[in-house]
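Descriptive structure summary
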Amino acid sequence: MDGHAKWECGTCGQQHAGVAMVFGPQAPDPWLQATQAERDAGELNSDMCVLEIKGEWHYFLRGHIEIPILDVPGEVFSWSVWVSVSEESIQQVADHWEDPARASLPPLFGWLCNELPYKQSTISTPTLVHSRDPGVVPFIQLDPSVDHPLVGEQGMGITLHRLAEINHLVEVEAP
Ligand SMILES: [Zn+2]
């Protein structure tokens, strides 16, 4: 979708600006809240993060919470987010990073570690992280039993109108 084009919304009939299909913070929230010394002792790249907080090591993976767009079959909106996983889990992901068969690995448990613009906190929502083919960011499945609007949106999908609203929320909250 053209990021600059305006389009007429099928829900409200208004012209919305073009929408971005992926949003997300560059690091898990604990990294953003960490001291410079803690960051210096840790590590952050675009896919993984390691951070020692109060003497305990924490391990994070980035993945996509994909949400189907109801108006455009096959299209998804993605929250690019970080989840905390166990040391064993991150070791397994690292060991299989280049493995052509890594998509067949069993999913890993993770806690969502980013606050997203919803009225209810999204921190510590339980998830399963599904590896995909090398080069493709993992798929994050929110626990469907959790009562949260974000979980509902992943399960049910969202309209383009809602996607435009999310775009607006992210732009408003951006520093
Ligand atoms: Zn609309």
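Residues numbered from 1 in each chain as written. Predicted model: local features only at pLDDT ≥ 70, side-chain atom pairs only at ≥ 80, totals over all residues. Heavy atoms only, no water.

**Looking at the environment of A41**
Definition in use: Runs of E in the DSSP output that reach at least two residues are strands. Runs of H or I that reach at least four are helices, and both are numbered from the N terminus. A 1.4 Å probe rolled over the protein chains alone gives each residue an accessible area, and that area as a share of the maximum for its type sets the label: buried under 20%, exposed over 50%, partly exposed in between.
Along the chain, A41 turns up in helix α2 (residues 36-41). Residue class for A41 comes out partly exposed when judged on its relative accessible area of 48%.

**Some words on unusual backbone geometry**
Unusually for a residue other than glycine, K54 sits at a positive phi of about 50°. Mapping K54 onto the fold places it in the loop between β5 (48-53) and β6 (56-68). Exposure remark for K54: the relative accessible area of 80% places this residue in the exposed category.

**Considering the pairing of β6**
Side-chain direction in a regular strand flips from residue to residue, so the side chains alternate between the two faces of the sheet. Worth spelling out the cut-off: DSSP-based pairing: two strands are paired if at least 2 bridges between them are found.
Direction of pairing for β5 relative to β6: antiparallel, over a ladder of six bridges. In the strand pairing of β6, L51 is matched with H58. Taken together, β5 and the strand that follows it, β6, pair antiparallel across an intervening segment of two residues, in which K54 is found at a positive phi of about 50°. Pairing of β6 with strand β7 (residues 76-85), which is carried by 10 bridges, proceeds in the antiparallel orientation. Note that in β7 the partner of I65 across the bridge is W79.

**Focus on the nonpolar core**
Test applied: We define a nonpolar core as any set of buried Ala, Val, Leu, Ile, Met, Phe, Trp, Tyr and Cys residues linked to one another through side-chain atoms lying within 4.5 Å. We call two residues contacting when some pair of their heavy atoms lies within 4.5 Å.
Within the largest apolar cluster, 33 residues are counted, with the highest numbers of intra-cluster contacts made by L61, I65, F77, W79, L150, L163 and I166. Of all elements in the fold, only β6, β7, α3 (87-95), β8 (108-112), β10 (139-142), α4 (149-156) and α5 (160-173) reach the threshold of two or more residues within this core. Among residues more than four places away in sequence, those in contact with I166 are F23, F77, W79, Y118, E153 and I158. Of all hydrophobic cores here, the second largest spans eight residues; its members include A27, W31, A34 and F60.

**What to know about the environment of P28**
Among the structural elements, P28 can be located in the loop between β3 (22-23) and α1 (29-33). Taking the relative accessible area as the measure of exposure, P28 reaches 0% and is therefore buried. Sequence-wise, P28 and V50 are 22 residues apart; in three dimensions their C-alpha atoms are separated by 10.0 Å. Contact partners of P28, with chain neighbours within four places excluded, come to L44, C49, F60, W82, C113 and N114.

**Overview of the packing of aromatic side chains**
Note the threshold: Pairs were defined over the aromatic rings of Phe, Tyr and Trp, the Trp ring being its six-membered one, requiring ring centres within 6.5 Å. Orientation was assigned from the angle between planes: stacked under 30 degrees, edge-to-face over 60, tilted for the rest. Here, over-ring charges are defined by two tests on the NZ atom of lysine or the CZ atom of arginine: distance to the ring centre within 6 Å, and angle to the ring normal within 35 degrees.
Applying the stated criterion across every chain, the model contains four aromatic pairs. Seen in terms of ring centroids, W79 and Y118 are 6.3 Å apart; in terms of plane orientation they differ by 65°. Their pairing is edge-to-face. On the criterion of sequence distance, the pair formed by W79 in strand β7 and Y118 in the loop between β8 and β9 (126-130) is long-range, its members being 39 residues apart. Of the residues examined, Y118 reaches a relative accessible area of 11% and is grouped as buried. Aromatic ring contacts, followed pair by pair, group F23, F77, W79 and Y118 into a single cluster. A cation over a ring is seen here: R102 above W97, with NZ or CZ 4.7 Å from the ring centre.

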